[in-house]
Amino acid sequence: MIENFSFSLLATDGKARRGEISMPRGRIRTPAFMPVGTGGTVKAMYMDQVRGVGADIILGNTYHLMLRPGAERVARLGGLHEFARWPHPILTDSGGFQVMSLSKLRKLTEHGVTFRSHIDGSPYEMSPERSIEIQGLLHSDIQMQLDECTALPADAKEIERAMELSLRWAERCKTAFGDQPGKAMFGIVQGGDIAPLRVRSAQALSAMDLKGYAIGGLAVGEPQAVMLDMLDITCPELPTQKPRYLMGVGTPDDILKSVARGIDMFDCVMPTRAGRHGLAYTRRGKINLRNARHADDPRPLDEESDCPAARDYSRAYLHHLVRSQEALGAMLLTWNNLSYYQKLMQHIRDAIEAGQFDARAAVITEGWARGDL
Ligand SMILES: Nc1nc(=O)c2cc3nc(NCCN4CCCCC4)[nH]c3cc2[nH]1
């Protein structure tokens, strides 16, 4: 029985890291991709399938779950793992990002943020303390600090104000979280696209000796090059022996390039959302199954895959399901996409262990360039 939260670095290849997080509910192989389970479900998937494609951990959202079905209700029903029948680790986002991107009439002060639900307009308040309380009620294993993510582009003063507020909120979240050996609370580095602010945020959070560090305020519309530059600036300021989580990222190409800069954990709605919109991720790049060119194509998405959704169904059938808006279309494409993302992560982990990350990353990228054969 694993009592505490621990992170071990098993191998490195340049700045790329192969590690493992051990927690009471299980181990997380890094670099890791976390399927997004916003409302306590990974949309269009059974949790057994999510496990079956190789996910070690999923992401839940404080904002969505506090609005519906309510954090106290989930706690009364045994916590999110019991509620959603996912017994493995869960990381929850703290709600700040979702409040600012989804809710209405929000007002942000030093104390926290007040807002109205995007579902029914009812009023809520979220402070650093309440966010940690909600994540505790959900029985979350890895809890994120409440922060303020600045949308880019923004002026330097605004980015600095939000970064400094987030540091004060990190202290309050650390105090509220207290000492929970089998769980972790991660700080979130802010600072927009301004290098000195990123350094200041990372150094101040490192001094708080937290169990892990997220890099936030990115994947908010900035070019990939800007995001990658911020990783080059931020990662060296974070402790080597702690996990680094890049929030909301990303495409397969984003993930390869971010692993190469020292990132250990990822989450993104891309594979699940794309699946519901008829898009399939494959070793040969993305395929839009809505396109009429697939109407008579008897080939599966990838005959070499061990995922039934990729191996056993013709593109013609998938095209038919997508065009007919059949639920099975979203189910099969989501299954395929999550399987592809987890296989990508396994290739990445193997490549780092073999000391061949750069060479194998290049082969993967060439595969996408080769296009859909
Ligand atoms: N607490 C918190 N802080 C952040 O700075 C943050 C920054 C983030 N940046 C993203 N980007 C999501 C990009 N996503 C790409 C696929 C389509 C939908 C949007 N998600 C984020 C979540 C975040 N959560």
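For the structure, check the block above.
We now turn to the structure provided with this report. (Residues numbered from 1 in each chain as written. Predicted model: local features only at pLDDT ≥ 70, side-chain atom pairs only at ≥ 80, totals over all residues. Heavy atoms only, no water.)

1. Details of helix H15 (residues 357–370)
For an α-helix, 3.6 residues make a turn, and residues three or four places apart therefore share a direction. With 14 residues, H15 ought to run about 20 Å at 1.5 Å a step, and its terminal C-alpha atoms sit 20 Å apart, in line with that. The secondary structure elements touched by the buried residues of H15 are strand S1 (6–13), strand S2 (16–23), helix H10 (252–259), strand S15 (279–282), strand S16 (285–288) and helix H14 (327–353). Gly371 occupies a position one or two residues after H15 and carries a positive phi of about 75°. (Helix = DSSP H or I, 4+ residues; strand = E, 2+ residues; numbered from the N terminus. Expected span 1.5 Å × (residues − 1). Contact = heavy atoms within 4.5 Å.)

2. Re the pattern of salt bridges
As enumerated under the stated definition, the model contains 24 salt bridges in all. The salt bridge involving Glu110 is made with Arg168; its shortest N-O contact spans 2.8 Å. Within this pair, whereas Glu110 is found in the loop between strand S7 (104–108) and strand S8 (113–116), its partner Arg168 is found in helix H7 (residues 156–177), the two being separated by 58 residues in sequence. The closest approach of N and O atoms between Glu148 and Arg161, which form a salt bridge, is 2.8 Å. Remark: Arg161 occurs in helix H7 and Glu148 occurs in the loop between strand S10 (142–144) and H7; sequence separation between them is 13 residues. Taking the relative accessible area as the measure of exposure, Glu148 reaches 7% and is therefore buried. (Salt bridge = Lys/Arg side-chain N within 4 Å of Asp/Glu carboxyl O. Buried < 20%, exposed > 50% of the residue type's maximum accessible area, 1.4 Å probe, protein only.)

3. Comments concerning the site of the ligand
Taken together, 17 residues lie near the ligand, and Asp93, Asp147, Gly217, Leu218 and Ala219 sit nearest. Within the contact set of the ligand, a nitrogen atom lies 2.7 Å away from a side-chain nitrogen or oxygen of Asp93. Backbone polar atom of Leu218 to a nitrogen atom of the ligand: 2.8 Å apart, as the coordinates give it. In the complex, 80% of the free accessible area of the ligand, which totals 530 Å², lies under the protein chains. In this structure the site holding the ligand corresponds to the largest pocket. Taken together, the residues that form the shell around the ligand break down as 9 nonpolar, 5 polar and 3 charged. (Near = heavy atom within 4 Å. Polar contact = N/O pair within 3.5 Å; in protein donor to acceptor, adjacent residues only side chain to side chain. Areas by Shrake-Rupley, 256 points an atom, 1.4 Å probe, with all protein chains shown as cover. 1 Å grid on protein atoms, 1.4 Å probe; cavity = no way out; pocket = protein on both sides within 12 Å on 5 of 7 lines; lining within 4 Å. Sits in = over half its atoms within 2 Å of the grid points. Nonpolar A, V, L, I, M, F, W, Y, C, P; charged D, E, K, R; others polar.)

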